[in-house]
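Here is what each chain is made of, one letter per residue.
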Number of protein chains: 2
Amino acid sequence: MADPIDFYFDFSSPYGYFAAMRIDELATRHGRQVRWQPYLMGAAMKLTGAQPLVARDLVKDYATHDLARTARLYGLPFTLPTPFPVATVAAARAFWWLNEQSIDEARALAKALYRAYFVEGRNIGEPSIVIDVAAENGIERSTSETALADEKIKTKLKTVTENAIKAGVFGSPFFIVDGEAFWGNDRVNQVDEWLSRGGW
Amino acid sequence: MADPIDFYFDFSSPYGYFAAMRIDELATRHGRQVRWQPYLMGAAMKLTGAQPLVARDLVKDYATHDLARTARLYGLPFTLPTPFPVATVAAARAFWWLNEQSIDEARALAKALYRAYFVEGRNIGEPSIVIDVAAENGIERSTSETALADEKIKTKLKTVTENAIKAGVFGSPFFIVDGEAFWGNDRVNQVDEWLSRGGW
């Protein structure tokens, strides 16, 4: 079987949310799996000097408009939440803990966290909200609480983030397909084309 | 007749070059004209705090790879020139001077300047190279020399740049279609869709 698509994302990334809702269907069409890899994009942004889209005045209005328009184009529900962006350590740790139990359940939780933030406007930067969302997905609160404080999971997220940066990842979403890197929701169509044609 | 598409670009922008080679065909399919508007993107970037793509180490390798890959996808010849980026005052002034004589000839010169820089690797940051390219497009060197020093043309480019920023333009390429702003070569497909559906 062909290698999986590596899908790197940050839970605070709206374009990551759009991609998360589309990438599995795309991969399935090409007989590929997707390896979901939430990481802490902030660590990469420190290296690149990049700022959140909404930090720059002239860009903020455009980005806000573009996000809403792009969501409508895909038929995805979307509201830019407040606060934005938020820290995503707890959300990413919850994912990586669950991923060791069940990859499918971890993916379902990732989508639920994205919906909680970008559809329902809940602040997933707060560990208590992450625990709420996990509970709605069948994970006992005490289990989540233990998981979020687990040293092994803390180390796992650090390692994932370090490895992502070593692999050249610096944005969200960011895809690596057969060694080829694609940055941004705007490259999903090129990922599709790349898989269809085996490169160009 | 429907309003023209405003196409803002900087002559030092590789994604602007890609868009320049595609936008007229797209507009024609929708029965639209394109109003080419070269401006000095550097003035907008000072306001947004944005840096050239290649100024950030982690991004530079990716951007270089992405440009070459995107050019291949479109079947456009492309080599990232050295130096990059360059000042585009002379190129833009030459355009605006010629645009007062003939919109079609100004557009042909714009494409020739883009090809000179991104295909032939000639430094269009140098006024003498701009004058060379204009000469190859039938404009006498003495005429270009006079034009580049013309106070009216200097003021014209300043005004175009100021008006672009007032209209919310901050990147290259940047399109305004019936009041709707689209930033980036990655939005050309959305411009196409927007014109087909009359918005969404």
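This text goes with the structure placed above it.
Now for a description of the structure that goes with this document. All of these numbers come straight from a predicted model, not from anything done at the bench.

## Observations concerning the overall build of chain A
Alright, step 1. The secondary structure content of chain A amounts to 10 helices and four strands.
Alright, step 2. Starting at the N terminus, the α and β elements of chain A follow one another as β-α-α-β-α-α-α-α-α-α-α-β-β-α.
Alright, step 3. By the compact-globule yardstick of 16 Å for 200 residues, chain A fits well, its C-alpha radius of gyration being 16 Å.
Alright, step 4. Dimensions of chain A, computed from C-alpha atoms along their principal axes, come out at roughly 50 × 45 × 35 Å.
Alright, step 5. Every one of the 200 residues in chain A was classed for burial, and the buried ones make up 52%.
Alright, step 6. Contacts spanning at least 24 positions in sequence make up 71% of the contacts within chain A whose residues lie at least 6 apart.
Alright, step 7. Summed over its atoms, the accessible surface of chain A is roughly 8,800 Å², and 50% of this surface lies on carbon and sulfur atoms.
Alright, step 8. Of the side-chain charges in chain A, 22 are positive and 25 negative, and the distance between the mean point of each set is 3 Å.

## Quick look at the sheet that holds strand β4 (residues 180–183) of chain B
Residues and elements named next belong to chain B.
Alright, step 1. On the basis of which strands lie adjacent, the open sheet formed by four strands has the order β2-β1-β3-β4 and mixed pairing. One side of each edge strand has no neighbouring strand; the edge strands of this open sheet are β2 (34–38) and β4. Each neighbouring strand pair of the sheet contributes to a mean axis angle of 20°, computed without reference to strand direction.
Alright, step 2. Two strands pair when backbone bridges link them, and strand β3 (residues 174–177) and β4 are joined in this way by four bridges, in the antiparallel orientation. Bridge pairing in β4 links Phe 175 to Phe 182.
Alright, step 3. Packing of helix α6 (residues 103–118) onto the sheet brings it into contact with β1 (5–9) and β2, and relative to β2 it is tilted by some 50°.

## Considering the packing of helix α7 (residues 127–136) of chain A against helix α8 (residues 141–148) of chain A
Residue and element names in this part refer to chain A.
Alright, step 1. Between α7 and α8, whose axes approach to 9 Å, the crossing angle comes to 135°. One element, α7, and the other, α8, form an angle in the oblique class. Here α7 runs over α8; the crossing is right-handed. In this structure, α7 uses Pro 127, Ser 128, Ile 131, Asp 132, Ala 134 and Ala 135 to contact α8, whose residues at the interface are Arg 141, Ser 144, Glu 145 and Leu 148.
Alright, step 2. Here the residues of the contact of α7 with α8 are counted per class, giving five nonpolar, two polar and three charged.

## Comments concerning the packing of aromatic side chains
Alright, step 1. Following the criterion strictly, the structure yields 52 aromatic pairs over all chains and no others.
Alright, step 2. Relative to A:Phe175, the ring of A:Phe7 lies with its centre 5.4 Å away and its plane at 10°, an arrangement referred to as stacked. Here A:Phe7 is found in strand β1 (residues 5–9), whereas its partner A:Phe175 is found in strand β3 (residues 174–177), with 168 residues between them in sequence.
Alright, step 3. Relative to B:Phe78, the ring of B:Tyr17 lies with its centre 6.3 Å away and its plane at 20°, an arrangement referred to as stacked. In this pair, B:Tyr17 sits in helix α1 (residues 14–20) while B:Phe78 sits in the loop between α4 (57–74) and α5 (89–101), placing the two residues 61 residues apart along the sequence. With respect to class, B:Tyr17 is no different from B:Phe78; both count as buried.

## Quick notes on the interface of chain A and chain B
Alright, step 1. Between chain A and chain B, the contact holds 29 residues from the first and 30 residues from the second.
Alright, step 2. Of the roughly 2,700 Å² buried between chain A and chain B, counting both surfaces, carbon and sulfur atoms make up 55%.
Alright, step 3. For the interface between chain A and chain B, the tally reads six salt bridges.
Alright, step 4. For B:Arg69, the salt bridge identified is with A:Glu180, shortest N-O distance 2.9 Å.
Alright, step 5. Applying the counting criterion to the chain A and chain B interface returns 17 residue pairs in polar contact (both at pLDDT 80 or more).
Alright, step 6. Broken down by secondary-structure element, the contributors of at least two residues to the side of chain A that touches chain B are α4 (57–74), β4 (180–183) and α10 (188–197) of chain A.

## Focus: unusual backbone geometry
Alright, step 1. Of note, the bond from B:Thr82 into B:Pro83 is cis; its omega dihedral lies within 30 degrees of zero at 0°.
Alright, step 2. A positive phi angle, close to 50°, is found at A:Asp178, a residue other than glycine.
Alright, step 3. In this fold, A:Asp178 is placed in the loop between β3 and β4.
Alright, step 4. Given a relative accessible area of 47%, A:Asp178 falls into the partly exposed group.

## Examining the pattern of salt bridges
Alright, step 1. In this structure the tally under the stated criterion is 32 salt bridges over all chains.
Alright, step 2. The shortest N-O distance in the salt bridge between A:Asp66 and B:Arg187 comes to 2.8 Å. Highlighted residues: A:Asp66 in helix α4 and B:Arg187 in the loop between β4 and α10 (188–197), drawn from two different chains.
Alright, step 3. For B:Arg187, a relative accessible area of 4% gives the class buried.
Alright, step 4. A salt bridge links B:Asp66 to B:Arg69; the shortest N-O distance between them is 3.2 Å. Linking B:Asp66 with B:Arg69, this pair stays in helix α4, spanning three residues, or about one helical turn.
Alright, step 5. Residue classification places B:Arg69 among the buried positions, given a relative accessible area of 0%.
Alright, step 6. What you see here is one network of salt bridges that share partners, running through A:Asp66, A:Arg69, A:Asp186, B:Glu180 and B:Arg187.

Conventions adopted
Residues numbered from 1 in each chain as written. Chains lettered and ligands numbered in written order. Predicted model: local features only at pLDDT ≥ 70, side-chain atom pairs only at ≥ 80, totals over all residues. Heavy atoms only, no water. Helix = DSSP H or I, 4+ residues; strand = E, 2+ residues; numbered from the N terminus. Rg over C-alpha atoms; globule rule 2.2 N^0.38 Å. Buried < 20%, exposed > 50% of the residue type's maximum accessible area, 1.4 Å probe, protein only. Contact = heavy atoms within 4.5 Å. Areas by Shrake-Rupley, 256 points an atom, 1.4 Å probe, with all protein chains shown as cover. Lys, Arg positive; Asp, Glu negative; His and termini not counted. Charge placed at Lys NZ, Arg CZ, Asp CG, Glu CD. Pairing = 2+ DSSP bridges. Axes fitted to C-alpha atoms, helices over the stretch in contact; angles between N-to-C directions. Parallel < 35°, antiparallel > 145°, perpendicular 65-115°, else oblique. Left-handed = near helix turned anticlockwise from the far one by under 90°. Nonpolar A, V, L, I, M, F, W, Y, C, P; charged D, E, K, R; others polar. Phe/Tyr/Trp six-rings, centres within 6.5 Å; stacked < 30°, edge-to-face > 60°. Buried area = accessible area lost by both parts, 1.4 Å probe. Salt bridge = Lys/Arg side-chain N within 4 Å of Asp/Glu carboxyl O. Polar contact = N/O pair within 3.5 Å; in protein donor to acceptor, adjacent residues only side chain to side chain.

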